[in-house]
Amino acid sequence: MNLIVNSDENWMEIAIREARKALEAGEIPVGAVIVHSGKIIGKSYNQREVLKDPTAHAEMLAITSAATYLDSWRLEDCTLYVTLEPCPMCTGAILNARIPRVVFGAYDNAAGMCGSVENLCDQNLLNHKAIIKGGVRAEECQALLNEFFNKIRKDSN
């Protein structure tokens, strides 16, 4: 069996590992990884509860890390891998950072802005667009979310 090292599925595995860290910390299990020239330059997981910060989504923290690594706010040659379809805030950050490609796992029918509710990454009104690929390892990504929310429901009863 040939393993493609730089495949979307393999990069998503690393984002899933980040999401597991969020789950262990009691956060909504979302993980993100930013890749540039075959190398991870930013990665994180949701930390809203830990940091007491409504903007501490996995994507936002990974974008900040990648921008620091590149010493630039322009992440023009990067791909963002994230386990859940980005929300409006994160999609805005993706577009502002000029990230040209986003690969996500689970779809978010409540707040997803990369195709589910709306696709902000493909608007003619904006000065930047991003190519979107959704559903990569979606079952694994969704299973982590289900585990988290099932535990919340169980604990509240």
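Up top is the structure these notes are about.
Residues numbered from 1 in each chain as written. Predicted model: local features only at pLDDT ≥ 70, side-chain atom pairs only at ≥ 80, totals over all residues. Heavy atoms only, no water.

(A) Up close: unusual backbone geometry. Positive phi is not limited to glycine here, since Lys52 has a value of about 55 degrees. Following the sequence through the fold, Lys52 ends up in the loop between α2 (48–51) and α3 (58–70). A residue is classified by how much of its surface remains accessible, and Lys52, at 69% relative accessible area, is exposed. Positioned with a positive phi, Arg98 is a non-glycine residue whose angle comes to about 65 degrees. Looking at the element boundaries, Arg98 is found in the loop between α4 (88–96) and β4 (101–106). (Helix = DSSP H or I, 4+ residues; strand = E, 2+ residues; numbered from the N terminus. Buried < 20%, exposed > 50% of the residue type's maximum accessible area, 1.4 Å probe, protein only.)

(B) Seen up close, the packing of aromatic side chains. Inspection of every chain in the model, using the stated rule, returns 3 aromatic pairs. Considering the side-chain rings of Trp11 and Tyr81, the 6.5 Å spacing of their centres and the 35 degrees angle between planes classify their relative orientation as tilted. In this pair, Trp11 sits in helix α1 (residues 8–24) while Tyr81 sits in strand β3 (residues 78–84), placing the two residues 70 residues apart along the sequence. Each member of the pair, Trp11 as well as Tyr81, carries the same accessibility label: buried. Ring geometry for Phe104 and Tyr107: centres 4.9 Å apart, planes at 85 degrees, overall edge-to-face. (Phe/Tyr/Trp six-rings, centres within 6.5 Å; stacked < 30°, edge-to-face > 60°.)

(C) View of the pattern of salt bridges. Applying the stated criterion to the full structure yields 10 salt bridges. Notably, a salt bridge pairs Arg20 with Glu13, separated by 3.9 Å at the nearest N-O pair. For Arg20, a relative accessible area of 37% translates into the label partly exposed. The exposure class assigned to Glu13 is buried, which follows from its relative accessible area of 18%. Across the salt bridge formed by Asp122 and Lys129, the nearest N and O atoms sit 3.4 Å from each other. Taking relative accessible area as the criterion, Asp122 reaches 47% and is therefore assigned partly exposed. Given the relative accessible area of 37%, Lys129 is considered partly exposed. (Salt bridge = Lys/Arg side-chain N within 4 Å of Asp/Glu carboxyl O.)

(D) A look at the nonpolar core. Ranked by internal contacts, the top residues of the largest apolar core, which has 42 residues, are Met12, Ile34, Ile63, Leu75, Leu80 and Ile99. Elements supplying a minimum of two residues to this core: α1, β1 (31–36), α3, β3, α4, β4 and α5 (138–156). Leave out the neighbours within four places in its chain, and Leu75 touches Ile34, Ile63, Ala66, Ala67, Leu70, Ala97, Arg98, Ile99 and Pro100. (Core = buried A, V, L, I, M, F, W, Y, C linked by side-chain atoms within 4.5 Å. Contact = heavy atoms within 4.5 Å.)

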